[in-house]
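Observations on the three-dimensional arrangement
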Amino acid sequence: ALVISSAFAKLSSFQYGSCTEPPVIWLSNTNLLYWNAISNVVNSKATSGVVHDIVLGFQESDEILLNDTYPVRDFISAEDVISCLIKMVKENHSGIYNVGSGTGTEIYALAEKVAKIMGIDNPKILSRQSESKKKSKIVLDISNTIRDFVWSPSENLSVCLRNLIENKLWAKELLLFLLGI
């Protein structure tokens, strides 16, 4: 239980994909590596990262400026990471295991998904960086995790983003109501 609760605390701090190196959760002989876990838990400590920037940007305007819209990243729900972690605690495998969706999403496409969920019809998504010939791509190979733990992610990115956005908007409305604004 201690491993799982400390892992969830670690996951919630990375809910917006703001980390620059992969978070690692160590079990006795098993290491779990993941990137860009998105939690629908509203966390006031999570104040940076691409998902955070996109959601906040679209709350203010239908035009956003991102640092770079061309990288491809692997996003996964924090709940899926936790479900895999629980399987890892129950199983007795040694090694380093990637936990992700195994699917890459370009940041521009991520912004389009967020805009659609937020009801923005014609978003203007701008990039500070021009498209380079070699795109940065981080997509995890989860085949060993699927094989050894008979696990696969259950939430797709759109559902994960919708849950995050709905919870974030609900929390903002509640705060405004409580403050009498």
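Residues numbered from 1 in each chain as written. Predicted model: local features only at pLDDT ≥ 70, side-chain atom pairs only at ≥ 80, totals over all residues. Heavy atoms only, no water.

Here we look at the overall build of the protein
Each helix and strand counted, the protein has 6 helices and 10 strands in total. Restricting the contact set of the protein to residue pairs at least 6 apart, pairs at least 24 apart contribute 84%. (Helix = DSSP H or I, 4+ residues; strand = E, 2+ residues; numbered from the N terminus. Contact = heavy atoms within 4.5 Å.)

Some thoughts on unusual backbone geometry
In this model, V150 sits at a positive phi of 45°, which is unusual for a non-glycine residue. Within the secondary structure, V150 sits in the loop between α5 (143-149) and α6 (157-179). The exposure class of V150 is exposed, given its relative accessible area of 65%. (Buried < 20%, exposed > 50% of the residue type's maximum accessible area, 1.4 Å probe, protein only.)

Quick word on the sheet that holds strand β5 (residues 72-74)
The 3 strands are arranged β8-β5-β10 in an open sheet whose pairing can be described as mixed. At either margin of the open sheet sits one strand with a lone partner, and together these are β8 (104-106) and β10 (137-138). Judged from the 2 bridges that link them, β5 and β10 form a sheet pairing that is parallel. Counterpart to R73 in the pairing with β10 is I138. (Pairing = 2+ DSSP bridges.)

Brief notes about the nonpolar core
Core analysis: the largest hydrophobic core is formed by 22 residues, its most contacted members being I38, V51, I54, F58, F75, L110 and L161. Sorting the residues of this core by element identifies α2 (50-60), β4 (63-66), α4 (107-117) and α6 as the ones contributing at least two each. Among the elements that make up this core, the one with the highest residue count is α4 (6 residues). Residues V99, L140, I142 and F149 belong to the second largest nonpolar core, which totals 17 residues. (Core = buried A, V, L, I, M, F, W, Y, C linked by side-chain atoms within 4.5 Å.)

Structural notes on the packing of α2 against α4
At a minimum axis distance of 10 Å, the contact between α2 and α4 shows a crossing angle of 45°. Taken together, the axes of α2 and α4 are oblique relative to one another. Seen along the crossing, α2 lies across α4 with a hand that is right-handed. Counted together, V50, V51, I54, V55 and F58 of α2 and I107, L110, A111, V114 and A115 of α4 form the full contact between these two elements. Looking at the contact of α2 with α4 residue by residue, the classes come out as 10 nonpolar, no polar and no charged. (Axes fitted to C-alpha atoms, helices over the stretch in contact; angles between N-to-C directions. Parallel < 35°, antiparallel > 145°, perpendicular 65-115°, else oblique. Left-handed = near helix turned anticlockwise from the far one by under 90°. Nonpolar A, V, L, I, M, F, W, Y, C, P; charged D, E, K, R; others polar.)

Things to note about the side chain of D80
One can find D80 in helix α3 (residues 78-90). Within the buried core, D80 has no salt-bridge partner, and the shortest N-O distance to an opposite charge, that of K87, equals 11 Å. Non-local contacts of D80, meaning those with residues more than four positions away in its chain, are made with W151, P153, S154 and E155. (Lys, Arg positive; Asp, Glu negative; His and termini not counted. Salt bridge = Lys/Arg side-chain N within 4 Å of Asp/Glu carboxyl O.)

All we've got here are geometric facts, nothing functional implied.
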